[in-house]
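Understanding the architecture of this molecule
Here are the chains, one letter per residue:
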Amino acid sequence: MLNKLALRNAKRSFRDYLIYLLTMIFTAALMFSFDSMIFSDDVKKLCSEAGMMGAMLGLATFFIVLIMIWLVHYMMKFMAEKRSREFATYLLLGFHKKQIARLFLKEMLLLGLAAFFIGLLPGLFLQQVITTLIYAIVQADYTIRIRWNMGTFFMTAGIFFGSYVLAMFRSNRRFKKMNIREMMYLDRQNEELKNGNNTGKQWMFFASLILIVLFGWMLYFGHFNQWNVYPMIGALIASVYFLYIGLSAFLISCIRKGKAVVYRGANIFLLRQLASKVKTMQFTLGTLTILFMAALVGVSDALMLNQFQNTQAEEKYPFDVCIYSEHPGYDFSKEKALTEKYARITDFVAYDIYQNNTNTCSRYLVEQLSQTDSSYYFKYDTYIRLSDYNRLREMLRLAPVSLEPDQYLIHTKKRLKKTMAAFCAKPLKIQNTDHTCAGIYTEPFEQSGHNGADYLLVVPDETADSMTPYYSLMAASIKGSLPDDFYDQVLSMRGIHMTNDSYEELDDYIDSLDRETGSDAIYI
């Protein structure tokens, strides 16, 4: 009998609460699509290459789980309140509370099963949409292909129905505590507006608005630091809850004052309904606001990090191909042939970087940059011939430069231009001769271990001829693309083999070099 009644009530709920059923279908689809990212080999590979992407996906999944738990709880609570008179009638007819609770549980499970299995189909579609967007963010190619993974299915089912179990547990506790009278009038409790002094709560509303505006002002003008950021975030979260508590009191106060605008048209009805709903759901509204705010911040951070990654990629690696060799005068014919195997080389140059047995510039940077030490830089200052420098500038479509015999110039990273200005103001002794600085250039120039580390000193060819070659580089422009394992193939040509993702041989090789990457704090 109870099974038939549960089935009949579930069918009726399909019609009466269609909007909630559709919401649950969409939530199940969204949960399935994000869970599939965890088990997707394509996304795992992508996250290993773009490390922050995995953290963002995990954060998004976490918030979706929270929203899922809250949504199921709210839906069951809402439907129980709307059907409270029906349940009171069942009690009058002789039903036990446990029977009613089991009846309601069966109805909710039927609705949940329907929402879950219907949501799998749009979930597969959303899976492809989200995967395509993720690949687009990191500027990678993706071919749409539908894949079914049982791990995704069971994980989504566990979270989905686990949310139902938690919500049903709370619902059972409510049923046990309520009597017939409370059930009869449960659906009217939202309409109560209690009298009392709400002055303090009204001040919460205005104080919260002021705090939110203050937070926005500090964020916009950059007044946050390591000491005030966490207290202000805590205050922002608290102000969201206080805002809804104060909003209800503020609306009630407006109704009681009874100004002309309150009685115009249906304003008093709308204000009263709004005040009662806000008062009843103030904690829920506050929690939802924080969750959506966190989701918005997560999306904004993901887009910001993507933009930063793309910018840094152009800043750190302006050349299509740039290969290092610790041997001066190295013949890059093998590397060039390997490159031509996959793409067409449109421009190519092999050149040496020189040293003068001095480290004047690197010592200066260590003194000026508090977070660095000598381990960030090459043992000696790095120099390049003016002709090679102009050849590289030509490859990057930059204008050539010229130097007098007793001049040099500095090519450094944009963020170090002001730091280098003081160094550039003084003559630099090169081969016992003072050279004056002809300028500082800051275009992207591969200066994290290739063309120097943070800086490169450009000198006339005649001056470089009296220096010691330090190491050699190859730079190339190409048409086409190189495979993901191109770097591993280059290392393999030099007897360094990457086996089972082990970096032991590579680490030993890097440790054996006099080569550093500069003072960049974040590596993309």
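To start, this report covers the structure provided alongside it. (Residues numbered from 1 in each chain as written. Predicted model: local features only at pLDDT ≥ 70, side-chain atom pairs only at ≥ 80, totals over all residues. Heavy atoms only, no water.)

This next bit is on helix 14 (residues 360–368). Each α-helix winds once per 3.6 residues, and so residues spaced three or four apart point in a common direction. Taken together, the buried positions of helix 14 are occupied by Cys361, Ser362, Tyr364 and Leu365. Buried positions in helix 14, seen along its axis, are confined to an arc of 155 degrees and lie on one side of it. Buried residues along helix 14 sit in contact with helix 16 (417–424) and strand 9 (455–459). (Buried < 20%, exposed > 50% of the residue type's maximum accessible area, 1.4 Å probe, protein only. Helix = DSSP H or I, 4+ residues; strand = E, 2+ residues; numbered from the N terminus. Arc of directions from axis to C-beta. Contact = heavy atoms within 4.5 Å.)

Before going further, it helps to examine the packing of aromatic side chains. Under the definition given, this model contains 24 aromatic pairs. Aromatic pair Phe153 and Phe154: ring centres 5.4 Å apart, planes at 75 degrees, arrangement edge-to-face. Given a relative accessible area of 16%, Phe153 falls into the buried group. Aromatic pair Phe215 and Phe224: ring centres 5.1 Å apart, planes at 55 degrees, arrangement tilted. Owing to a relative accessible area of 23%, Phe224 belongs among the partly exposed residues under this scheme. Sitting over the ring of Phe348, Lys336 keeps its end group 4.5 Å from the ring centre. (Phe/Tyr/Trp six-rings, centres within 6.5 Å; stacked < 30°, edge-to-face > 60°. Lys NZ or Arg CZ within 6 Å of the ring centre and 35° of its normal.)

With that settled, consider the nonpolar core. Met24, Met76, Phe104, Met108, Phe160 and Tyr164 are the most contacted members of the largest nonpolar core, which has 52 residues in total. Sorting the residues of this core by element identifies helix 2 (18–39), helix 4 (51–82), helix 5 (84–92), helix 6 (97–137) and helix 7 (150–177) as the ones contributing at least two each. When near neighbours in sequence (up to four residues on either side) are disregarded, Met108 contacts Met75, Met76, Met79 and Tyr164. Among the nonpolar cores identified, the runner-up in size contains 51 residues, and Phe378, Val401, Leu416 and Ala475 belong to it. (Core = buried A, V, L, I, M, F, W, Y, C linked by side-chain atoms within 4.5 Å.)

Moving on, we get to the state of the cysteines. Inspection of every chain in the model, using the stated rule, returns 1 disulfide. The side chain of Cys424 participates in a disulfide bridge whose partner is Cys437; the two sulfur atoms lie 1.9 Å from each other. Between Cys424 and Cys437, the disulfide has an S-S torsion of -90 degrees and is therefore left-handed. You can see Cys424 sitting in helix 16 and its partner Cys437 sitting in strand 6 (residues 433–441), a full 13 residues away along the chain. According to the relative accessible area criterion, Cys424 is buried, its value standing at 15%. Classification of Cys437 as buried rests on a relative accessible area of 19%. Its sulfur unpaired, Cys361 is 9.7 Å from the next cysteine sulfur, which belongs to Cys437. Given the relative accessible area of 0%, Cys361 is considered buried. (Disulfide = S-S within 2.5 Å.)

Turning our attention to the packing of helix 14 against helix 16. Helix 16 packs onto helix 14 with a crossing angle of 125 degrees between their chain directions and a minimal axis gap of 11 Å. Taken together, the axis directions place helix 14 and helix 16 in an arrangement best described as oblique. The hand of the helix 14/helix 16 crossing is right-handed. Residues Thr360, Cys361, Tyr364, Leu365 and Gln368 of helix 14 touch helix 16, and the partners they reach there are Thr419, Met420, Ala422 and Phe423. Of the residues in the contact of helix 14 with helix 16, the class split is 6 nonpolar, 3 polar and no charged. (Axes fitted to C-alpha atoms, helices over the stretch in contact; angles between N-to-C directions. Parallel < 35°, antiparallel > 145°, perpendicular 65-115°, else oblique. Left-handed = near helix turned anticlockwise from the far one by under 90°. Nonpolar A, V, L, I, M, F, W, Y, C, P; charged D, E, K, R; others polar.)

Before going further, it helps to spend a moment on the pattern of salt bridges. Within the structure shown, the criterion is met by 9 salt bridges. Arg494 serves as the salt-bridge partner of Glu335, at 3.3 Å between the closest nitrogen and oxygen. With Glu335 in helix 13 (residues 333–342) and Arg494 in the loop between helix 18 (486–493) and helix 19 (504–511), this pair connects stretches of sequence that are 159 residues apart. Take Glu335: its relative accessible area is 1%, and that puts it in the buried class. Owing to a relative accessible area of 26%, Arg494 belongs among the partly exposed residues under this scheme. Put simply, Arg385 and Asp465 hold a salt bridge, and the shortest N to O gap is 2.5 Å. Note that Arg385 is positioned in strand 3 (residues 383–385) and Asp465 in helix 17 (residues 461–465), a separation of 80 residues in sequence. Beyond isolated ion pairs, a larger network of salt bridges with shared partners links Asp347, Arg391 and Glu394. (Salt bridge = Lys/Arg side-chain N within 4 Å of Asp/Glu carboxyl O.)

Its identity is not glycine, yet Asn357 carries a phi of approximately 60 degrees, on the positive side. Among the secondary structure elements, Asn357 is positioned in the loop between strand 2 (344–355) and helix 14. Take Asn357: its relative accessible area is 52%, and that puts it in the exposed class. A positive phi angle is found at Gln431, which is not glycine, with a value near 50 degrees. Mapped onto the secondary structure, Gln431 falls in the loop between strand 5 (428–430) and strand 6. Note on Gln431: relative accessible area 33%, which makes it partly exposed.

Our next topic: the environment of Leu398. Along the polypeptide, Leu398 turns up in the loop between helix 15 (386–395) and strand 4 (407–412). For Leu398 and Glu443, which are 45 residues apart along the polypeptide, the C-alpha to C-alpha distance reads 8.8 Å. Residues within four places of Leu398 in sequence aside, it is in contact with Arg393 and Glu443.

For the rest of this paragraph, the subject is the environment of Tyr455. On the secondary structure map, Tyr455 appears in strand 9. In the structure, Tyr455 is positioned 73 residues away from Thr382 in sequence and 7.7 Å away in space, judged by C-alpha atoms. Setting aside residues up to four positions removed in sequence, Tyr455 forms contacts with Cys361, Ser362, Leu365, Tyr377, Tyr380, Asp381, Thr382, His411, Thr412, Met420 and Gln447.

Here we take up the environment of Leu396. Considering the arrangement of structural elements, one finds Leu396 in the loop between helix 15 and strand 4. In the structure, Leu396 is positioned 76 residues away from Asp320 in sequence and 9.9 Å away in space, judged by C-alpha atoms. Setting aside residues no more than four positions away along its own chain, Leu396 makes contact with Pro318, Phe319, Pro444 and Phe445.

A cluster of nonpolar side chains, namely Leu214, Trp217, Tyr220 and Phe221, defines an oily patch on the protein surface of about 500 Å² accessible area. With respect to the helices and strands, the residue Phe221 is situated in helix 9 (residues 199–221). (Patch = residues over 30% accessible without salt bridge, like charges linked within 9 Å, V, L, I, M, F, W, Y side chains within 5 Å. Areas by Shrake-Rupley, 256 points an atom, 1.4 Å probe, with all protein chains shown as cover.)

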